[in-house]
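Architecture and fold: a report
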Amino acid sequence: NHRIKNNLQIVSSLLDLQAEKFSDKKVIEAFKESENRIVSISLIHKELYESGDLDYLDFSSYLSKLIADLLKSYNTENSEVSVNLAVDSIFLGVDTAVSLGIIINELFTNSMKYAFSPGKGGEINISLFINETGKNQERKYAKSESYENLTLIFADNGRGFPDNVDFRNSGSLGLQLVNALADQIDGSFELENGNGAKFTIKFRDLIQRGDLRD
């Protein structure tokens, strides 16, 4: 994991250096988005290396760090865009964690590019929970492995998704990746348009939970 992390960081740095050779904003943006995808994977291997667990990743901890990196990348640390996380105490398998990390990266990028008007505030809410509750749990469970049905929700209160765009057959590379990765984890992918855009991904995976505490 340590070697993979270092190699991915080298790739990320190379993309950053290459982007400096261009002046076209769209080209620079494409390099930046690719760099963020690499970073989302690199961060997983960093977390695995530091935890010493080669099979499961503390997704709540990982997601907090991923969002912090994305906010820094889009220079929104001091802006009016806020991100709220509500994630159960879940340890996901590495393959699923990689897919979800990239999915969240793509949806976050989509929100930052299209959902909010320049100079105006906004809110992004991300939650991941086990379907037995339908909401984030405050209790932690006895650590054990089990197959569970899970739901990831990514929602923003921006301008919403255009009605004339089919999110399942979009020309956007980001949405193509989201659809492909949702299929890869045998998940369903739905969009609701209302007060912003709400993406819901339901899937099943072998997970670990935290220790039970009342």
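The structure displayed is predicted, hence computed values, not measured ones.

Moving on, we come to the pairing of strand β5 (residues 145-156). Within β5, nine of the 12 residues are buried, leaving the element largely enclosed by the surrounding structure. By the bridge criterion, seven bridges tie strand β4 (residues 122-130) to β5 in an arrangement that is antiparallel. Bridging from a neighbouring strand, isoleucine 126 pairs with phenylalanine 154 of β5. By the bridge criterion, 12 bridges tie β5 to strand β7 (residues 196-209) in an arrangement that is antiparallel. Following the sheet pairing, isoleucine 153 is matched in β7 by threonine 200.

On to the side chain of glutamate 106. Within the secondary structure layout, glutamate 106 lies in helix α4 (residues 94-115). Owing to a relative accessible area of 6%, glutamate 106 belongs among the buried residues under this scheme. In this structure, glutamate 106 is in contact with Arg37, Gly174, Leu177 and Val178, ignoring residues within four places of it in sequence.

Once that is clear, we can look at the packing of aromatic side chains. Counted by the stated rule, this structure contains three aromatic pairs. Centroid distance phenylalanine 189 to phenylalanine 199: 5.7 Å. Interplanar angle 20°. Geometry classified as stacked. Of the two residues, phenylalanine 189 sits in strand β6 (residues 188-194) while phenylalanine 199 sits in strand β7, which places them 10 residues apart along the sequence. Pair check on accessibility: phenylalanine 189 and phenylalanine 199 agree, each one buried.

Within the largest apolar cluster, 47 residues are counted, with the highest numbers of intra-cluster contacts made by Phe59, Phe108 and Leu128. With 10 residues, α4 is the single largest residue contributor to this core. Residue contacts for phenylalanine 108: discarding those within four places in its chain leaves Ile67, Leu70, Leu71, Tyr74, Val83, Ile124 and Phe154.

The next thing to look at is the pairing of β7. Burial analysis of β7 places 10 of its 14 residues in the buried class, the great majority of the element. Alignment of strand β3 (residues 90-93) against β7, held across three bridges, turns out to be antiparallel. In the strand pairing of β7, leucine 92 is matched with isoleucine 207. In this sheet, β7 lies alongside β6 in antiparallel orientation, the contact comprising seven bridges. Counterpart to glutamate 190 in the pairing with β7 is threonine 200. Turn length for the β6-β7 hairpin, with the two strands adjacent in sequence and antiparallel, is one residue.

About the criteria used
All residue numbers refer to position in the chain's written sequence, counted from 1. Reporting of local features is limited, given that this is a predicted model, to residues whose pLDDT is at least 70; pairs of side-chain atoms are given and counted only at 80 or more, and all residues count toward the totals for whole chains, interfaces and linings. Hydrogen atoms and water are omitted, and side-chain values are computed over all heavy atoms in the structure. Burial classes follow relative accessibility: with a 1.4 Å probe on protein chains only, a residue under 20% of its type's maximum area counts as buried, one over 50% as exposed, and anything between as partly exposed. Each helix is a run of H or I in the DSSP string that is no shorter than four residues. Each strand is a run of E no shorter than two, and both are numbered from the N terminus. Pairing between strands is defined by DSSP: at least two bridges between the two strands are required. Here a residue-residue contact requires only that any non-hydrogen atoms of the pair lie within 4.5 Å. The pairing test for Phe, Tyr and Trp rings, Trp by its six-membered ring, is centres within 6.5 Å, and the orientation test on the planes gives stacked under 30 degrees, edge-to-face over 60, and tilted for anything in between. Only buried residues count toward a nonpolar core, which is a set of Ala, Val, Leu, Ile, Met, Phe, Trp, Tyr and Cys residues joined through side-chain atoms within 4.5 Å.

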